[in-house]
Amino acid sequence: MSQPENKKGQVETTGHVWDGDLREYNNPLPRWWLWAFYMTIVFAVVYWILYPAWPYGDSYTKGINTVEYTVENEQGEEVTVSEAWNTRALFTRDMQSSPSALAQEEWVGKVKDMSFEEIEQDPDTLQFAMSMGNYTFGDFCAACHGSGGQGKIGQYPNLADNAWLYGNSYETIVNKISHGIQGMMPAQNVADDQIDDLAKYVLSLSGQAEISGEAASRGKQAFASCAGCHGAEGKGNEAMGAPNLADAIWGVADVPGCGDDTACKLDQIKHVVNNGIQRQMPAFGDRLSETQARMLAIYVRQMGGN
Amino acid sequence: MKHESIEINSGLLIVLTLAVISIGGLVEIVPLFHIKDTVEDVGGVRPYTPLELRGRDIYVSEGCYACHSQMIRPFRDEMLRYGHYSLAAESQYDHPFQWGSKRTGPDLARVGGKYSNEWQTQHLADPQSLVPESIMPSYSWLLDTKLDYSQIEDRMVALKRTGVPYSQSQEEYDANVEKFGKAVADELHVSNAKQSLEAQAAAEDWDGKPDQITEMDALVAYLQMLGTMVDFSKYEDGHFNQFR
C-alpha cells in the first residue's frame, strides 16, 4: 500500500487505485473519536484486572476486586468473608449492610420492641409500620382481598367495611395472618315450608324486609338452629367468626348485588342456608415474620371501620 | 498477505470475517461447558412430572413468558418482593428455559404455593374478578379444554434427548431412584407417564372439576410447583456465592 499523497490543493486519498483511475478519499477519524476509542481499550484492560473476565480451562480470572460480608461459622461466631467480586456476593452484602437494609432493620427493630399502643402513639413508627404493611398487603393479601381490601362477596372477605368477623383486636388479626382461618358454615337442612319464612326473617333482621304475624314466629322458630352461632338476635359471634346478620353488611350472600329486588335477595340467602359455605385463608406464618405480621395487622386494621 | 488481496477476494474476506467474529462467540460459550461451577450443587431439583410438563407446554403455547419472567435477580428489592434469587440449577431441566425478559405481569419464578389452587383457577379464568386493575387477559377456555396427553411419552423422550433424565430402561430408572428417590423416579418413568399424570391430576383438585382432566389442571399444577423445589432454609447466607 503506497502512502497517501498530500499535495497542496489536492484532496488526500487512501492511495488505493481500482480500474486504473478510481481513487478513494481519505477522511481520517476525528481526533476526539480516536482518543475515545483508545480510552475504551484502556478501560477494558483495567476491567480485566479488577473484575471476572477471561475464561481458561475449567475456571476464569476472578479479578482483584473483592466484596466483604459476614457469615456465621460453625462455632456460631460472626466472621467476615472477603470474596472475589461477583453479583451474588454484592447481593449478600446489600442484604446485610446497605444503607436501606440498615435503615429498615433499625425501624423494624423499633416496631418489634414496641406494643401496639406505643406504636399508635408514635407517628414516625406508625408511618413506617403502615408503609411496610401496605407493601406486604400488596404482595400477599391483595390477590384475594383486593388492593383496597374490598374482597369479593361469597369468596374473600371485605376488609375495608365495618364488619370484622373475628373482631378487630391487633392480636386477633396477627393470629389469623400467622395461623390462617378455616371458615365454615354447614349446609342447613331446612324444611321446604320453612325456608321462605326463614329467609325473610333473616332479611328482616337488618330491616331490609317486613315480616309479621305468623310468618314472623315461624321464621323465628326456624332461626333457632342458626342462633347457636349467629346469636338469638342474629348479632353474630366473633369467637366463632359468625357474622352479624343484623347489620346491612353482606359477605357471603350477594344481597347488595340484587338492588331492590327482594325475591333475588331471598334467593341469595336461601342459597347460603341450603349449601353452607366453606372458606379457607392460608397460614402465612412461614412466609411472614412475627414483626411483619404485626405491621400488616396495623395496616389491615385501619382499612376497616373500628 | 497484503491487505489488498483480502479486500479484493470476497471468498477469503468471508472466511476471515467468520473466523474473527466466531472468536467472540467461542470465548463466551465454550467456557460454559467447562466451568464446573455454572450449575449449583443443590438438593431437591427434579425434572417435571408428566402433568407439570403438559402444564409447562401450555404455559409456553399460551405465551405466558411474553408478560411474565421466571428469573429473580440477585437484588435486594427483588428478594423482598419475590424471594430468593433464581439459581441456574432450578432451570437445568427447562428446554427451553422460561426466564423471559419482560415483566408486564409479576415474576413467577416462586409463585408456587403463594396462592390456592382455587385462586389460580379463578384468576386464570377471569383475572379481573379478583384483581380489578389487572390487564391480564382471560384464559377461561383452559377450564373447558380437555387435556390432550396422548403424546406425553413422546414429549418426555424428546426432552430426554436434550439431557433431561426421564427413564426408559431399568438402569435409568434405578439411577433416578438413587438420585431423586422412588416416588419421584416413578413419575419420571416414561412408560408410567399416563398413569402418573392421571394420578397427580386426581390427587389434588387443581381446577375444581374433579371429574375431568383439563388444561387448567395441568397449568395450575405447573404453577404451584414453580420455585418450590429448593428448600432455601437449608442453606446459609452466601452459600450460593461460591458458584460464581
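Worth saying up front: this structure is predicted, and the values here are computed from it rather than measured. (Residues numbered from 1 in each chain as written. Chains lettered and ligands numbered in written order. Predicted model: local features only at pLDDT ≥ 70, side-chain atom pairs only at ≥ 80, totals over all residues. Heavy atoms only, no water.)

A.B. asks: Can you break down the overall build of chain B residue by residue, with the values?
C.D. replies: Looking only at helices and strands, chain B features 12 helices and 0 strands. C-alpha atoms of chain B, sized along the principal axes, occupy 75 × 50 × 40 Å. Looking at the 244 residues of chain B, the share that counts as buried comes to 45%. The long-range share in chain B, meaning contacts at least 24 apart out of those at least 6 apart in sequence, stands at 73%. If you sum the accessible surface of chain B, you get close to 12800 Å²; carbon and sulfur atoms cover 57% of it. (Helix = DSSP H or I, 4+ residues; strand = E, 2+ residues; numbered from the N terminus. Buried < 20%, exposed > 50% of the residue type's maximum accessible area, 1.4 Å probe, protein only. Contact = heavy atoms within 4.5 Å. Areas by Shrake-Rupley, 256 points an atom, 1.4 Å probe, with all protein chains shown as cover.)

A.B. asks: Explain the interface of chain B and chain A to me, using residue names and the numbers behind them.
C.D. replies: Taken together, the contact pairs 39 residues of chain B with 39 residues of chain A. A buried area of about 3200 Å², summed over both sides, lies between chain B and chain A, and 50% of it is on carbon and sulfur atoms. Between the two partners, chain B and chain A, sit 2 salt bridges. When the shortest N-O distance is used, the salt bridge between R88 of chain A and E40 of chain B registers 2.8 Å. Across the contact surface, chain B and chain A share 12 residue pairs in polar contact (both at pLDDT 80 or more). (Buried area = accessible area lost by both parts, 1.4 Å probe. Salt bridge = Lys/Arg side-chain N within 4 Å of Asp/Glu carboxyl O. Polar contact = N/O pair within 3.5 Å; in protein donor to acceptor, adjacent residues only side chain to side chain.)

A.B. asks: Outline helix 6 (residues 170–179) of chain A, listing residues and values.
C.D. replies: Residues and elements named next belong to chain A. Regarding helix 6, the residues found buried are Y170, I173, V174, I177 and S178. For helix 6, the angular spread of buried residues about the axis comes to 125 degrees, placing them on one side. Opposite the buried face of helix 6, at more than 90 degrees from it, the exposed residues are E171 and H179. Within two residues after helix 6, G180 carries a phi angle of roughly 75 degrees, on the positive side. (Arc of directions from axis to C-beta.)

A.B. asks: Explain the confidence of the model for chain A residue by residue, including any values.
C.D. replies: Within chain A, residue pLDDT values average 89, and 97% of them lie at 70 or more. Confidence over residues 1–5 of chain A falls short of pLDDT 50; this stretch has 11 contacts with residues more than four positions distant or in other chains. (pLDDT = per-residue confidence, 0-100.)

A.B. asks: Break down the side chain of Q224 of chain B for me, with residues and values.
C.D. replies: Residue and element names in this part refer to chain B. Mapped onto the elements, Q224 comes out in helix 12 (residues 215–225). In terms of polar contacts, Q224 uses its side chain to reach the backbone amide nitrogen of G113, at 3.0 Å. Discounting residues that sit within four places of it in the chain, Q224 has contacts with V111, G112, G113, K114, Y115, S116, N117, Q120 and W206.

A.B. asks: Could you give an account of the pairing of strand 1 (residues 13–18) of chain A, naming the residues involved and the relevant values?
C.D. replies: Residue and element names in this part refer to chain A. In the sheet, strand 1 pairs with strand 2 (residues 22–25) via 3 bridges, with the strands oriented antiparallel. Bridging across to strand 2, T13 finds its partner in Y25. Linkage of strand 1 to strand 2, two consecutive antiparallel strands, is achieved through a turn of 3 residues, within which D19 is found at a positive phi near 50 degrees. (Pairing = 2+ DSSP bridges.)

A.B. asks: Provide a residue-level description of unusual backbone geometry, including the pertinent values.
C.D. replies: Cis geometry marks the peptide bond from H95 of chain B to P96 of chain B; its omega dihedral reads -5 degrees. Its location among the elements puts P96 of chain B in the loop between helix 4 (76–82) and helix 5 (117–125). Here the phi dihedral of D19 of chain A falls at roughly 50 degrees; this positive angle occurs in a residue that is not glycine. With respect to the helices and strands, D19 of chain A occurs in the loop between strand 1 and strand 2.

A.B. asks: Account for the confidence of the model for chain B, naming residues and giving values.
C.D. replies: Of the residues in chain B, 100% have a pLDDT of 70 or more, and the chain-wide mean is 92. Model confidence for the complex: the whole-complex pTM is 0.83, and ipTM, which rates the interface, is 0.82.

A.B. asks: Help me get a handle on the environment of E214 of chain A, residues and values and all.
C.D. replies: Residue and element names in this part refer to chain A. When you line up the elements, E214 lands in helix 8 (residues 213–230). Using a relative accessible area of 60% as the deciding quantity, one classes E214 as exposed. Along the backbone, E214 and D197 are 17 residues apart, and their C-alpha atoms lie at a distance of 9.5 Å.

A.B. asks: Go over the nonpolar core, please, and point to the residues and values.
C.D. replies: Among the nonpolar cores identified, the biggest contains 58 residues, and L51, L147, Y166, L219 and L223 of chain B are the most heavily contacted of them. For this core, the secondary structure elements donating two or more residues are helix 5 (123–145) of chain A together with helix 3 (50–61), helix 5, helix 7 (141–144), helix 8 (152–161), helix 11 (193–203) and helix 12 of chain B. Per element, the largest residue contribution to this core is 8 residues, and it comes from helix 12 of chain B. Apart from the residues lying within four places of it in its own chain, the contact partners of L223 of chain B are Y59, L108, V111, G112, Q120 and L124 of chain B. (Core = buried A, V, L, I, M, F, W, Y, C linked by side-chain atoms within 4.5 Å.)

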